[in-house]
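The primary structure of each chain is shown beneath.
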Amino acid sequence: MRTLLRPAVSLFVLLSLLTGILYPLLVTGVARIAFPAAAGGSLINRDGKPIGSALIGQNFTDAKYFWGRPSATAPMPYNAAASSGSNLGPLNPALVAAVRSRVETLRAADPDNRRPVPIDLVTASASGLDPHISPAAADYQAQRVARARHLGIQAVRQLIAENTEGRDLGVFGEARVHVLRLNLALDALTP
Amino acid sequence: MNSHAWLLLGLYMTVLLLVVRPLGLHIARVMTMDDQATPVSGFEGAVFRVCGIRRNAEMGWLNYALAVLLFNALGLVAVYALQRLQFWLPLNPQEMANVSPGSAFNTAVSFVTNTNWQGYDGESTMSYLVQMLGLTVQNFLSAATGIAVAIALVRGFARHSASGIGNAWVDLFRVTVWILLPLSLLFALFLASQGVLQNFAAYQEVTTLEATRHGNAKLDTDGRPLEDDPGHAVAEPATAPTQTLPMGPVASQVAIKMLGTNGGGFFNANSAHPFENPTPLVNFLQMLSIFLIPGALCLAFGRLVGDERQGWTLFAAMALLFVAFAMAAIVFEQQGNPRLAQIRVGETASVSTTALTDGNMEGKETRFGIADSALFATITTAASCGAVNAMHDSFTPLGGAVPLVLMQLGEVVFGGVGSGLYGMLVFAVLAVFIAGLMIGRTPEYLGKKIEAHEMKMTCLAILATPLLVLIGTAIAVMTEAGRAGIANPGAHGFSEVLYALSSAANNNGSAFAGLSANTPFYNGLLTVAMCFGRFAVIIPVLAMAGSLAAKQRVAVTAGTLPTHGPLFVALLIGVVLLVGLLNYVPALALGPLAEHLALWSAR
């Protein structure tokens, strides 16, 4: 046992320093020089002040803004300091009740819109911080936002298109609309 | 499956096939380096002298096992101590409090055993120092342990009439420094360039576009939540004008979390968190990095036993099982949730489940959609990674059964780094044994007679985890403390418990995360499952390596069962499925199967 102790302790200390201190420091150092914005949280500035991260969604309830995915974080939605999904099972009555109440809220904000609600707009995301909605979910809300801002529907659709990305390299993931950027663009158009 | 899903799966398998052989050959080369005076051996020599390691001192299996256990015990102590002392240690800008003893011990065992079960919320519990020097280090060292043990078993087959199976210190060092570290460095830099955080800044508070109105639990003068009716907390309206963005050295940890099939995220939401997995392209490479080393190890095995066909045979069995399960998961998740399609507000159907991102979107991210999430879930549980980019608890019953069953098969469909290979080799030994019984010959594998001792070790290694899972689940559902953690009603609640035990005992680490597992009961139960699930397999495997290395090699004759080619692939898949199904079908019937029937029958 004693012959094992010295190699065990010294190798453990050595590899800990290498993988637990040197390696993260090296990655941080290179990242700070080569891509400081990406490694620093992809912040979005307005008037010189950070108003959010391009990767983290925000909560919107005002009719003049596009709304993002429902968020299950606590105690408030889109709490970036406590990411979480709902973890509701498919048969859980609480899931059906939550989706129903979200549909009712969407309908109440836009009574003339009788189209079915796209699924991503009424189900909670995995992180609770999803920055995107599907193009269908954006289109569903276009009329409401146009009315609230006294804009033409075409102007709003134009902004949606400008803030939509397709699949990465054409094959990975899904097409998506960036909610925060879209809302910033709307604010820039009609403050 | 839609065309996007087919394309994604096809592309994934193609890229995997292209990269595993070069890496496998590199691994084989690194693990058999001799004392030639290369620059590398000069550096190694200096390290080994300082550490008191004699490079050529072969270890018998018992010494090898003791070395591995001792090395892991040191890791356990270090991770536990760092968590318990983090408040007084540096690199803690959020002033995180010391972690409670039960949770700290659970996490320490979890990271040492390559499980990386997260009973804690990363962003609100762990200081940057613990994430780096505690958790990241064990991401490396538990992965190195798995690979070292696998290589030792391979040496058992490759050698004959030998007393040793290698030197554990040399193996652990070489795996960490020449395999895991260079790959992690490259991958971490790529991740950081794509938006994964890598800094030591304090959390950043930003003023959001719209203030968030929400209910806050009202507290009494003692700081306890007030209740009006029993059980109903009183909420008072509150407004949050800001959002707190977490920061930290994330990319360096996420890289090895994927490459080492560890899976413990920096954040609670793991690879669903946009700061851990910002784009679908990153997601694809994270999926690839999970299978990279387990796949390459099959080829390293083939090279080391001098017959690459043997390696491709294991790879083919794993790949076929994987593709079948991946297709199942994608299909079930794309079917969506019929209960939501039935919701009526007014006259017409109110929820479209056939929009662009059709299917079951609860607990999934928009950028990944259904296919990239279901594929990730299959990969992360086929390998014993356990990172998640979607909440498995909200999967459809059969979509969620895919990850569950993959763990229960013993994590051999690529499996953990090292543990997948030694697990599959144990199944291969069982397969030749069963075939030997059928054709009436002494079973042989790779020129080694499989005898009573090997079969005893095989049975121990194969039966340890099902016993832990089934007995553990039974204890949990029969006790008040176990049932208290269940979040979802009905059969799904049982699935949550079964999933937790399957994940812990097979060292996966993913969860049906609704289960409240950060309690004394689950911290204790899962710690036992993780610990025995890891070392009650490693020790028989090393014992088998020792006895195999000592054996003579028998000559190949016309009566030898070939252990390469389609016939053996089929036999191997058959044995893996047979053992898995015999162990788990009753439990699966009570959980996902019952839930599936309930979901689709009652209207």
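Definitions and cut-offs
Residues numbered from 1 in each chain as written. Chains lettered and ligands numbered in written order. Predicted model: local features only at pLDDT ≥ 70, side-chain atom pairs only at ≥ 80, totals over all residues. Heavy atoms only, no water. Axes fitted to C-alpha atoms, helices over the stretch in contact; angles between N-to-C directions. Helix = DSSP H or I, 4+ residues; strand = E, 2+ residues; numbered from the N terminus. Parallel < 35°, antiparallel > 145°, perpendicular 65-115°, else oblique. Left-handed = near helix turned anticlockwise from the far one by under 90°. Contact = heavy atoms within 4.5 Å. Core = buried A, V, L, I, M, F, W, Y, C linked by side-chain atoms within 4.5 Å. Buried < 20%, exposed > 50% of the residue type's maximum accessible area, 1.4 Å probe, protein only. Pairing = 2+ DSSP bridges. Nonpolar A, V, L, I, M, F, W, Y, C, P; charged D, E, K, R; others polar. Domains from an automatic or database assignment. Buried area = accessible area lost by both parts, 1.4 Å probe. Salt bridge = Lys/Arg side-chain N within 4 Å of Asp/Glu carboxyl O. Polar contact = N/O pair within 3.5 Å; in protein donor to acceptor, adjacent residues only side chain to side chain. Phe/Tyr/Trp six-rings, centres within 6.5 Å; stacked < 30°, edge-to-face > 60°. Lys NZ or Arg CZ within 6 Å of the ring centre and 35° of its normal.

**Student:** Could you clarify how one ought to interpret the packing of helix H1 (residues 3-31) of chain B against helix H12 (residues 369-382) of chain B in this entry?
**Tutor:** How two helices pack is summed up by the angle between their axes together with the distance between the axes. Residues and elements named next belong to chain B. It is the contact of H1 with H12, at a shortest axis distance of 10 Å, that shows an interaxial angle of 40 degrees. By the angle between their axes, H1 is oblique relative to H12. For the pair H1 and H12, the sense of crossing is right-handed. Packed against H1, whose contacting residues are His4, Ala5, Leu8, Leu9 and Tyr12, the element H12 presents Ala371, Asp372, Leu375 and Ile379 at the interface.

**Student:** When you look at the nonpolar core in this model, what are you seeing that I'm missing?
**Tutor:** Across soluble globular proteins, you tend to see nonpolar side chains buried next to one another. Membership of the largest hydrophobic core comes to 190 residues, with the highest contact counts inside it found for B:Trp169, B:Phe291, B:Phe322, B:Phe427 and B:Tyr445. Those residues within four positions of B:Trp169 in sequence are excluded, and the remaining contacts are A:Leu4, A:Pro7, A:Ala8, A:Leu11, B:Ile53, B:Met59, B:Ala67 and B:Phe71. Ranked by size, the runner-up nonpolar core spans 40 residues in total, among them A:Ala137, A:Ala138, A:Tyr140 and B:Val351.

**Student:** For this particular structure, what's the right way to read the sheet that holds strand E6 (residues 176-178) of chain A?
**Tutor:** The sheet built from 3 strands is open, its strands ordered E4-E6-E5 (chain A) with antiparallel pairing. Each of the sheet's edge strands pairs with one partner strand only, and the pair in question is strand E4 (132-133) and strand E5 (164-165) of chain A.

**Student:** Is there a simple way to think about the packing of helix H4 (residues 135-149) of chain A against helix H5 (residues 153-162) of chain A in this case?
**Tutor:** Residue and element names in this part refer to chain A. Contact geometry for H4 and H5: axes closest at 9 Å, N-to-C directions at 140 degrees. Judged by the inter-axis angle, H4 sits oblique to H5. Helix-helix and strand crossings are classified by hand; for H4 and H5 the assignment is right-handed. Residues Ala138, Asp139, Ala142, Gln143 and Ala146 of H4 touch H5, and the partners they reach there are Ile153, Val156, Arg157 and Ile160. Of the residues contributing to the contact of H4 with H5, the split by class is 6 nonpolar, 1 polar and 2 charged.

**Student:** Where do I start with the environment of B:Ala431 in this structure?
**Tutor:** Residues and elements named next belong to chain B. Within the element layout of this structure, Ala431 appears in helix H14 (residues 419-439). Assessed through its relative accessible area of 0%, Ala431 is described here as buried. Sequence separation between Ala431 and Gln138 is 293 residues, and the spatial gap between their C-alpha atoms is 33 Å. Look past the residues within four positions of Ala431 in its chain and what remains in contact with it is Phe568, Leu571, Leu572 and Val575.

**Student:** Would you take a moment to explain the domain arrangement of chain B for this structure?
**Tutor:** Size of an interface, as often reported, equals the accessible area lost when the parts are brought together. Domain annotation for chain B reports domain 1 (20-203 + 252-304) and domain 2 (204-245). Each of domain 1 of chain B and domain 2 of chain B has a C-alpha centre, and these two points are 40 Å apart.

**Student:** Explain the interface of chain A and chain B to me, please; I cannot follow it from the model alone.
**Tutor:** Contact with chain A, which involves 106 residues of that partner, is made by 124 residues of chain B. Carbon and sulfur atoms supply 68% of the area that chain A and chain B bury against each other, a total of about 9000 Å² over both sides. Taken together, chain A and chain B are joined by 0 salt bridges. Summed over the shared surface of chain A and chain B, the result is 37 residue pairs in polar contact (both at pLDDT 80 or more). The element contributing the most residues to the side of chain A that touches chain B is helix H1 (residues 2-34) of chain A, with 24 residues.

**Student:** What is the right way to read the packing of aromatic side chains from this model?
**Tutor:** Aromatic ring pairs: the centre-centre distance and the angle between the two ring planes describe each pair. Following the criterion strictly, the structure yields 25 aromatic pairs over all chains and no others. Here B:Phe157 and B:Tyr445 contribute two aromatic rings whose centre-to-centre distance is 5.3 Å and whose plane-to-plane angle is 90 degrees, an arrangement assigned as edge-to-face. Note that B:Phe157 is positioned in helix H6 (residues 128-158) and B:Tyr445 in strand E4 (residues 444-445), a separation of 288 residues in sequence. No difference in accessibility class separates B:Phe157 from B:Tyr445, as the two residues are buried. An aromatic cluster of at least three residues, connected via ring pairs, comprises A:Phe172, B:Tyr12, B:Phe284, B:Phe291, B:Trp312, B:Phe315, B:Phe322 and B:Phe414. Taking NZ or CZ as reference, A:Arg144 lies 4.0 Å from the ring centre of A:Trp67, over its face. Directly above the aromatic system of B:Phe395 lies the positively charged group of B:Lys364, at a separation of 4.1 Å from the ring centroid.

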